[in-house]
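One-letter residues, chain by chain:
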Amino acid sequence: KAGVTQTPRYLIKTRGQQVTLSCSPISGHRSVSWYQQTPGQGLQFLFEYFSETQRNKGNFPGRFSGRQFSNSRSEMNVSTLELGDSALYLCASSRDNNEKLFFGSGTQLSVL
Amino acid sequence: DQQVKQNSPSLSVQEGRISILNCDYTNSMFDYFLWYKKYPAEGPTFLISISSIKDKNEDGRFTVFLNKSAKHLSLHIVPSQPGDSAVYFCAASVPLISNFGNEKLTFGTGTRLTIIP
């Protein structure tokens, strides 16, 4: 069974640009969550999608958005990039009735 | 407001000895706790979990202890091996039925464990 797949693996952008990250969950998993990891901050929750609907949202500005498609694949978008957005963005999937998250390897975003 | 706290950012332990990683939480609604392990350039992987109805769960070299009255849990690794060197995240969740509006898992900031050969 394939794991959670995130693309691209690395991204370099400049301030003011926008970026789209992609996540394919484990087959059969309908819940997809996104986290931001920065040094010293741990994993900060961005949002969770289930059946194409955003079910939960963390405390991030509106520049951070996401969506989920009918096949459970998810994308997150960050507009008007800032230097502080440089981080590892992790996607995780789970069955809805299971708290255990399965993470992808992440997308390392560098904003210059 | 950090609801899950790992106050030790790093820990070094001699190979073969016991590693003890600690985690404190403030939300009394948390009823399920997990430990994740993360190597550089990889996503976190699930290690072990414990429900609030238990005070101990063991899986091979890994044991998690939960003290609900103190809102404290710990992960014990014995014996420690070089491959255990990684960042360990503690995570907690509220009952799914009351999860509306909250993230599925709340993570701590992590503890970097280094096993010295």
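Residues numbered from 1 in each chain as written. Chains lettered and ligands numbered in written order. Predicted model: local features only at pLDDT ≥ 70, side-chain atom pairs only at ≥ 80, totals over all residues. Heavy atoms only, no water.

**Notes on a nonpolar patch on the surface**
Residues and elements named next belong to chain B.
Here is step 1: Judged by side-chain polarity, Ile18, Ile20 and Val78 come together as a nonpolar surface patch covering roughly 230 Å² of accessible area.
Here is step 2: By the element assignment, Ile20 lies in strand 3 (residues 19–25).
Here is step 3: Given a relative accessible area of 36%, Ile20 falls into the partly exposed group. (Patch = residues over 30% accessible without salt bridge, like charges linked within 9 Å, V, L, I, M, F, W, Y side chains within 5 Å. Areas by Shrake-Rupley, 256 points an atom, 1.4 Å probe, with all protein chains shown as cover. Salt bridge = Lys/Arg side-chain N within 4 Å of Asp/Glu carboxyl O. Helix = DSSP H or I, 4+ residues; strand = E, 2+ residues; numbered from the N terminus. Buried < 20%, exposed > 50% of the residue type's maximum accessible area, 1.4 Å probe, protein only.)

**Some points on the nonpolar core**
Here is step 1: Residues B:Phe33, B:Trp35, B:Leu73, B:Leu75 and B:Tyr88 are the most contacted members of the largest nonpolar core, which totals 24 residues.
Here is step 2: With four residues, strand 9 (residues 86–93) of chain B is the single largest residue contributor to this core.
Here is step 3: One finds A:Leu11, A:Leu21, A:Phe47 and A:Tyr49 within the second-largest nonpolar core, a separate group that totals 21 residues. (Core = buried A, V, L, I, M, F, W, Y, C linked by side-chain atoms within 4.5 Å.)

**A few points about the sheet that holds strand 1 (residues 4–5) of chain B**
All names here are of chain B.
Here is step 1: Taken together, five strands build an open sheet; the order of strands is 1-3-8-7-6 and the sheet is antiparallel. The open sheet has two edge strands, strand 1 and strand 6 (56–59), and neither has a second partner.
Here is step 2: Pairing of strand 6 with strand 7 (residues 62–67) involves four bridges; the strand directions are antiparallel. Each bridged residue has a counterpart across the sheet, and for Asp59 the counterpart in strand 7 is Phe62. (Pairing = 2+ DSSP bridges.)

**Re the state of the cysteines**
Here is step 1: Per the stated rule, a full pass over the model turns up two disulfides over all chains.
Here is step 2: Through a disulfide, A:Cys23 is tied to A:Cys91; the S-S separation comes to 1.8 Å. Sign of the S-S torsion, about -60° for the bond between A:Cys23 and A:Cys91, identifies this disulfide as left-handed. Placement of the pair is A:Cys23 in strand 3 (residues 19–24) and A:Cys91 in strand 9 (residues 87–94), with a sequence separation of 68 residues. A:Cys91 carries the same exposure label as A:Cys23, and that label is buried.
Here is step 3: Between the sulfur atoms of B:Cys23 and its disulfide partner B:Cys90 the distance amounts to 2.0 Å. Every disulfide takes its handedness from the sign of the S-S torsion; for B:Cys23 and B:Cys90 that torsion is -70°, giving left-handed. Here the residue B:Cys23 occupies a position in strand 3, and B:Cys90 occupies one in strand 9, the gap between them amounting to 67 residues. (Disulfide = S-S within 2.5 Å.)

**Some details on the interface of chain B and chain A**
Here is step 1: Between chain B and chain A, the contact holds 22 residues from the first and 25 residues from the second.
Here is step 2: Approximately 1,800 Å² of surface area, both sides summed, lies buried where chain B meets chain A, with 59% of it carried by carbon and sulfur atoms.
Here is step 3: The interface formed by chain B and chain A contains zero salt bridges.
Here is step 4: For the pair chain B and chain A, the interface holds four residue pairs in polar contact (both at pLDDT 80 or more). (Contact = heavy atoms within 4.5 Å. Buried area = accessible area lost by both parts, 1.4 Å probe. Polar contact = N/O pair within 3.5 Å; in protein donor to acceptor, adjacent residues only side chain to side chain.)

**Re the packing of aromatic side chains**
Here is step 1: Throughout the structure, instances matching the rule amount to 13 aromatic pairs over all chains.
Here is step 2: For the ring pair A:Tyr35 and A:Phe103, a centre distance of 5.9 Å and an interplane angle of 55° mean the geometry is tilted. Of this pair, A:Tyr35 sits in strand 4 (residues 31–38) while A:Phe103 sits in strand 10 (residues 102–103), and the two are 68 residues apart along the sequence. Here A:Tyr35 matches A:Phe103 in class, with each residue buried.
Here is step 3: Taking the centre distance of 5.6 Å and the plane angle of 70° together, the rings of A:Phe47 and A:Tyr49 count as edge-to-face. A:Tyr49 carries the same exposure label as A:Phe47, and that label is buried.
Here is step 4: Among the aromatic side chains, those forming a connected cluster through ring pairs are A:Tyr35, A:Phe45, A:Phe103, B:Tyr36, B:Phe46, B:Phe89 and B:Phe107.
Here is step 5: Stacked on the ring of B:Phe46, the Lys or Arg A:Lys100 has its end atom at 4.3 Å from the ring centre. (Phe/Tyr/Trp six-rings, centres within 6.5 Å; stacked < 30°, edge-to-face > 60°. Lys NZ or Arg CZ within 6 Å of the ring centre and 35° of its normal.)

**Here we look at the sheet that holds strand 3 of chain A**
To summarise the sheet geometry, strands pair through backbone hydrogen bonds and adopt either a parallel or an antiparallel arrangement.
Residues and elements named next belong to chain A.
Here is step 1: In space, the four strands of this open sheet follow the order 1-3-8-7, with antiparallel pairing throughout. If you trace the sheet from one side to the other, it starts and ends with strand 1 (5–7) and strand 7 (64–68), each paired once. Strand-to-strand twist across the sheet, computed as the mean angle between neighbouring axes with direction ignored, equals 20°.
Here is step 2: Across five bridges, strand 7 lies against strand 8 (residues 74–78) in antiparallel orientation. Counterpart to Gln68 in the pairing with strand 8 is Ser74. (Axes fitted to C-alpha atoms, helices over the stretch in contact; angles between N-to-C directions.)

**Quick word on the pattern of salt bridges**
Here is step 1: Scanning all chains against the criterion turns up seven salt bridges over all chains.
Here is step 2: Between B:Glu58 and B:Lys56 there is a salt bridge; the shortest N-O distance is 4.0 Å.
Here is step 3: For B:Glu58, a relative accessible area of 52% translates into the label exposed.
Here is step 4: Residues B:Asp84 and B:Arg61 are paired through a salt bridge, measuring 2.8 Å at the closest nitrogen-oxygen approach. With B:Asp84 in the loop between strand 8 (72–77) and strand 9 and B:Arg61 in the loop between strand 6 and strand 7, the pair connects residues that are 23 residues apart, well separated along the chain.
Here is step 5: Taken together, the shared-partner salt bridges in this structure form one network comprising A:Arg63, A:Glu82 and A:Asp85.

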